[in-house]
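Architecture and fold: a report
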Amino acid sequence: MSVAIGQDEDRREPLRPPRIERNAAISEPRWVRVALITLALSFLGVFLVTPLVAVFVEAFRKGARVYFEAIVAPDAVAALKLTLLAASVSVIANLTFGIAAAWAIAKFEFRGKQLLTTLIDLPFSVSPVIAGLVFVLIFSSHGWAGPWLLDHGIKVLFSPPGIILATVFVTFPFVARELIPLMQEQGTDAEQAALSLGASGFKTFFYVTLPSIRWALLYGVLLCNARAMGEFGAVSVVSGHIRGQTNTLPLHVEILYNEYSFAAAFAVASLLAGLALVTLVVKSLLEWRFADELAATHRH
Amino acid sequence: MGQAPDAATLLQRLRRPRSVLPGFGIALGFALTYLSLIVLIPLAGVFVRSAELDVDQITRVLTSPRVIAALKLSFGAAFLAAAINAVFGALVAWVFVRYRFPGKRIFDAIIDLPFALPTAVAGIALTALYARNGWIGQFLEPMGLKVAFAPAGIVVALTFIGLPFVVRTLQPVLEDAERELEEAAASLGASRLQTVVRVILPGVLPAWLAGFALAFARGVGEYGSVIFIAGNLPMVSEIAPLLIIIKLEEFDYGGATLIAAAMLVVSFVLLLLINLLQAATSTRRKRT
């Protein structure tokens, strides 16, 4: 029976129609379906698609010349560089953490595992502004570590290290939460077999574990990178907004916008919107192509 | 881990996991150190700092009309936006799980746009749309609906930000829902509406609430998309995260920290609730 009503359909194959729809008893009349689909798509259209379209339309409102001038302006290029730096450090740091945490949590039994898993997700439930604030409390000249560090000539706040720290904080869970459920599901049989055949721990990890988690790893990195490049609130608190020095791309957008250079603001914003689109495309490709090798649950 | 083991076995278990795999100590050690340094200790700082303030100052900050107005606005707007998302998110999830239509894959990918689009970009785009001369605002303004630079704009921004939380929490649970139960209900004479309300709804309720809570929690703390569209008028359209920043800029670290602590407490309660709801969801899913 389960086949007849489409239970065994791959749920990530939306193009294959679930045969259920022809079973009148457990479906809706055609006009209801059409009405619901229309309503849902109109909602998505108004709330999601129009803002995206608006970014690109506004960016080119004053013509291509203004657009390109805004993008190649020295401050924009400096902001882009800082954004790339913060994003790459965040990805590398949280990737390393994600692998270590997932290895410990998924492959071993220990007390407090559930608590640790919850704590890893903590940064997601903290306001970005508070994520920035915590580093102000530590590194400002009135903070715990600030005075000592400033005495030794190390400036964390209102300089790139603070921006990087805040970005690492807000992107903290991305890789770990993709890896943990997947590696838990995979168990330890393959690793045990490799070890019993004489492979070293590192060999086991690189030749057995890593290949089986590579797509989930890429998925986590993709989301981590998108958030790192787009982070605004946390970075805004610790940045100090020094043009050309401590501005990331989203902060540069804000500055241009507040100066009423709308076309330029949207031009820089369109770069970030382009990044978001690329992220969505790659993410969807990963989900369609490697559904089985990503975490079983489709969650965020 | 069913019954509580005595201290000796507990210690042994902590120290030496029963596994032949290497690297437990170093992996867990690194993970815990990193977690503590980046997340736990900095967050604890908010509460330590708050505790250092005297009672007078705490009451003065937390009862000041401006702070109360900001907290009310942040929680109220987030609640409203989460409620809108609960309704439309459920509709979207239902349509994507149960029906087929052209362009489904593309729309399904676009649902995640708010996760991928930087909040500042969303903020200026929404402001442009809902401003008096914007694509959407030009129709709303003559009807007396002022969205941009008004509290309604905050709800619009938070609806944009929160939508995927409801859809993505509900989708997998709806997909797993047992169609046999619906067939049984139908064969016993239930109308389609009765089946949806009394058979499907109870099964997806925990996930639905979890999605609502996730959207709500995200909305309460949201900053980037809101500040452009809100107008940021004190007492009217000034959200709590913005007030934290204003206090920081005035070097009122105590005030900023207290608002943050109040928001964190609520976030942690929400996180606990979400975890309980998701645990309920996953046991339900495992049973099926």
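Residues numbered from 1 in each chain as written. Chains lettered and ligands numbered in written order. Predicted model: local features only at pLDDT ≥ 70, side-chain atom pairs only at ≥ 80, totals over all residues.

Right, let's talk about the overall build of chain B for a bit. Helix and strand counts for chain B stand at 14 helices and 0 strands. Listed N to C, the secondary structure of chain B is α-α-α-α-α-α-α-α-α-α-α-α-α-α in terms of helices and strands. Once the C-alpha set of chain B is aligned to its principal axes, its extents read approximately 60 × 55 × 30 Å. Out of the 288 residues in chain B, the part that is buried amounts to 45%. Considering only residue pairs separated by 6 or more positions, chain B has 78% of its internal contacts joining residues 24 or more positions apart. (Helix = DSSP H or I, 4+ residues; strand = E, 2+ residues; numbered from the N terminus. Buried ≥ 20, exposed ≤ 12 C-beta atoms within 10 Å, placed from the backbone. Contact = placed C-beta atoms within 7 Å.)

As a further point, take the domain arrangement of chain A. Residue and element names in this part refer to chain A. The domains assigned to chain A are domain 1 (1-59) and domain 2 (63-293). Between domain 1 and domain 2, the C-alpha centre-to-centre distance is 32 Å. The interface of domain 1 with domain 2 comprises 6 residues on the first partner and 11 residues on the second. Each residue belonging to the side of domain 1 that touches domain 2 can be placed in one class, and the counts come to 4 nonpolar, no polar and 2 charged. (Domains from an automatic or database assignment. Nonpolar A, V, L, I, M, F, W, Y, C, P; charged D, E, K, R; others polar.)

Contacts between the two partners involve 87 residues from chain A, matched on the other side by 88 residues from chain B. Looking at the side of chain A that touches chain B, the element that brings in the most residues is helix 1 (residues 30-59) of chain A, giving 17 residues. In terms of residue class, the side of chain A that touches chain B is built from 60 nonpolar, 16 polar and 11 charged.

Residues and elements named next belong to chain A. Within the fold, alanine 76 resides in helix 3 (residues 74-107). Judged by C-beta crowding, with 22 C-beta atoms within 10 Å, alanine 76 ranks as buried. Placed 167 residues apart in sequence, alanine 76 and arginine 243 show a C-alpha to C-alpha distance of 9.1 Å. The residues contacting alanine 76, other than those within four sequence positions of it, are Ala70, Ile71, His252 and Val268.

Another point: the confidence of the model for chain B. Confidence in the prediction of chain B, expressed as mean pLDDT, is 89, and 92% of residues score 70 or more. Across the interfaces of the predicted complex, the ipTM metric reaches 0.87, alongside a pTM of 0.88. (pLDDT = per-residue confidence, 0-100.)

Attention now goes to unusual backbone geometry. Most peptide bonds are trans, and most residues other than glycine sit at a negative phi. Phi is positive for tyrosine 260 of chain A, close to 65°, though the residue is something other than glycine. Residue position: tyrosine 260 of chain A is located in the loop between helix 12 (249-258) and helix 13 (262-289). On the neighbour-count criterion, tyrosine 260 of chain A (8 C-beta atoms within 10 Å) is exposed. Its identity is not glycine, yet phenylalanine 251 of chain B carries a phi of approximately 60°, on the positive side.

We now examine the nonpolar core. Counting residues in each nonpolar core, the largest one holds 178 residues, and the members touching the most others are Leu133, Val268 and Ala269 of chain A together with Val121 and Ile124 of chain B. Split by domain, this core shows at least three residues from each of two domains, domain 1 (1-59) and domain 2 (63-293) of chain A. When residues no more than four places from it in sequence are discounted, the contact partners of isoleucine 124 of chain B are Val253, Tyr257, Ala265, Phe266 and Ala269 of chain A together with Phe228 of chain B. (Core = buried A, V, L, I, M, F, W, Y, C linked by C-beta atoms within 7 Å.)

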